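Report on the structure
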Amino acid sequence: ARLVAEWLRVGYCQGNMNSDNSALCGVTLDYGPFGFLERFDPMHCPWVGGGAEYSFGRQPQAAAINLSILSEAWADLLRAVATEEGLTRAEADEAVQQTREGVSSVFVDAFHATHDEHNRRKLGLVSWDDDAAELWTSLFGLMATRSGPQGIDFTVFFRSLGDLTNDLPDGGDGLAAARAAAIGGAAEWPQEHLEAWREWAARYWGRVGAEARPDGERRREMAAANPKYILRNWMLAEAYEAAERGDSSAVHALHALLRSPYEEQSSADPRYAQPTPDWARGRPGLAFMS
């Protein structure tokens, strides 16, 4: 539950999270089509064969299904052990029910508690309540459907939002963070999209102002919850293509960069903290994998 909540926090999609790729220790074992979200799409899956069930936004459900399948396998084992140890049918049924509740309640509760806390930190709010949850839900709707023809970069948006100060939030018009993260720029965004973002920003900054949290404290927490750098496939492609030519400097640069993905790194290539460049968008092997 906590692992999947962390994936959603940083925009990571495992891509093929079926039951044989999940381990009891809380890791996944599949070698293949994983990656970070660039353009925000809750139904994004980096693997062309993944479908909706393995998409970014469905990862909690995928994990729950995997655990449910595991609990049924355990149920058979528990019944066999109960018979060997001479337990009553009622005692065996109780053990099986406790196992099933590990999925139906313990997993679900642990995921939501962790995910809600991550969302609070990503927005820099003091507390999480129904109003905060509605802010989050409406923000995801904007990012998915009201972000111009090319969409918005998940990582750049949240990092940019945390860079803004309370004295002149969002550049004064509610669009600074969205503009910074707009793929292809916000110049072509329909007016209705811009107005929707301004309305959301007014609500968000109204909440921030009402909480009266010190600006530096809010920004530090947001910076710790929202990475500045993620490993984008185009960055890897440039690095390994250079390495094939005998130049491993890009590989070393990426290694150094990703050791501290939340830190400001003035020596890093500025492109690493920007939306994916035009040449890599939609390119097979970078935007998606078979």
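Scroll up to find the structure this text is about.
What this report covers is the structure whose coordinates are included nearby. Please read all numbers here as calculations on a predicted model, not as lab measurements.

On to the overall build of the chain, then. The helix and strand inventory of the chain stands at 10 helices and two strands. Considering only C-alpha atoms, the chain reaches an extent of 70 × 55 × 35 Å along its principal axes. In the chain, buried positions account for 42% of the 290 residues. Contacts in the chain between residues far apart in sequence, at least 24 positions, make up 71% of those at least 6 positions apart. For the chain, the accessible area works out to roughly 14,700 Å², and carbon and sulfur atoms hold 54% of it.

As a further point, take helix H2 (residues 59-84). Because each turn of an α-helix spans 3.6 residues, side chains separated by three or four positions end up pointing in the same direction. Compared with an ideal rise of 1.5 Å per residue, which puts 26 residues at 38 Å, H2 spans 38 Å between its outermost C-alpha atoms and is within 8% of the ideal. Of the positions making up H2, those classed as buried are Gln59, Pro60, Ala62, Ala63, Ala64, Asn66, Ser71, Ala75 and Ala82. Gly86 lies just past H2 and shows a positive phi near 75°.

The next thing to look at is the nonpolar core. Core analysis: the biggest nonpolar cluster contains 49 residues, and Phe157, Leu161, Trp197 and Tyr204 have the highest contact counts within it. Elements that contribute at least two residues to this core include exactly helix H1 (2-10), strand E1 (12-13), H2, helix H3 (89-123), helix H4 (130-145), helix H5 (154-163), helix H6 (176-181) and helix H7 (191-211). With eight residues, H7 is the largest single contributor of residues to this core. Residues Ala237, Leu257, Tyr272 and Ala280 belong to the second largest nonpolar core, which totals 12 residues.

Here we take up the packing of H4 against H5. The geometry of H4 relative to H5 is characterised by a closest axis approach of 12 Å and an angle of 130° between their N-to-C directions. With respect to H5, the axis of H4 lies oblique. Every pair of crossing elements has a handedness; the one defined by H4 and H5 is right-handed. Listed contacts from H5 to Trp136, Leu139, Phe140 and Met143 of H4 are Phe154, Phe157 and Phe158. Grouping the amino acids of the contact of H4 with H5 by side-chain chemistry returns seven nonpolar, no polar and no charged.

All chains considered together, the criterion is met by 21 salt bridges. With a shortest N-O distance of 3.4 Å, Asp93 and Arg89 are connected by a salt bridge. Separated by four residues within a single helix, Asp93 and Arg89 lie in helix H3, roughly one turn from each other. Taking the shortest distance from any N to any O, the salt bridge between Arg213 and Glu217 comes out at 2.7 Å.

We now examine the packing of aromatic side chains. Applying the stated criterion across every chain, the model contains 17 aromatic pairs. Three or more aromatic residues joined by ring pairs make a cluster, and in this case those are Phe40, Phe56, Trp136, Phe140, Phe154, Phe157, Phe158, Trp189, Trp197, Trp200, Tyr204 and Trp205. Looking at Lys122, its charged tip hangs above the ring of Phe158, at a distance of 4.3 Å from the centre.

All right, on to a nonpolar patch on the surface then. Side chains of Leu24, Trp74, Leu77 and Val81 sit close together on the surface and give an oily, nonpolar patch of about 400 Å² of accessible area. Secondary-structure assignment places Leu77 in helix H2.

Rules used in this analysis
Residues numbered from 1 in each chain as written. Predicted model: local features only at pLDDT ≥ 70, side-chain atom pairs only at ≥ 80, totals over all residues. Heavy atoms only, no water. Helix = DSSP H or I, 4+ residues; strand = E, 2+ residues; numbered from the N terminus. Buried < 20%, exposed > 50% of the residue type's maximum accessible area, 1.4 Å probe, protein only. Contact = heavy atoms within 4.5 Å. Areas by Shrake-Rupley, 256 points an atom, 1.4 Å probe, with all protein chains shown as cover. Expected span 1.5 Å × (residues − 1). Core = buried A, V, L, I, M, F, W, Y, C linked by side-chain atoms within 4.5 Å. Axes fitted to C-alpha atoms, helices over the stretch in contact; angles between N-to-C directions. Parallel < 35°, antiparallel > 145°, perpendicular 65-115°, else oblique. Left-handed = near helix turned anticlockwise from the far one by under 90°. Nonpolar A, V, L, I, M, F, W, Y, C, P; charged D, E, K, R; others polar. Salt bridge = Lys/Arg side-chain N within 4 Å of Asp/Glu carboxyl O. Phe/Tyr/Trp six-rings, centres within 6.5 Å; stacked < 30°, edge-to-face > 60°. Lys NZ or Arg CZ within 6 Å of the ring centre and 35° of its normal. Patch = residues over 30% accessible without salt bridge, like charges linked within 9 Å, V, L, I, M, F, W, Y side chains within 5 Å.

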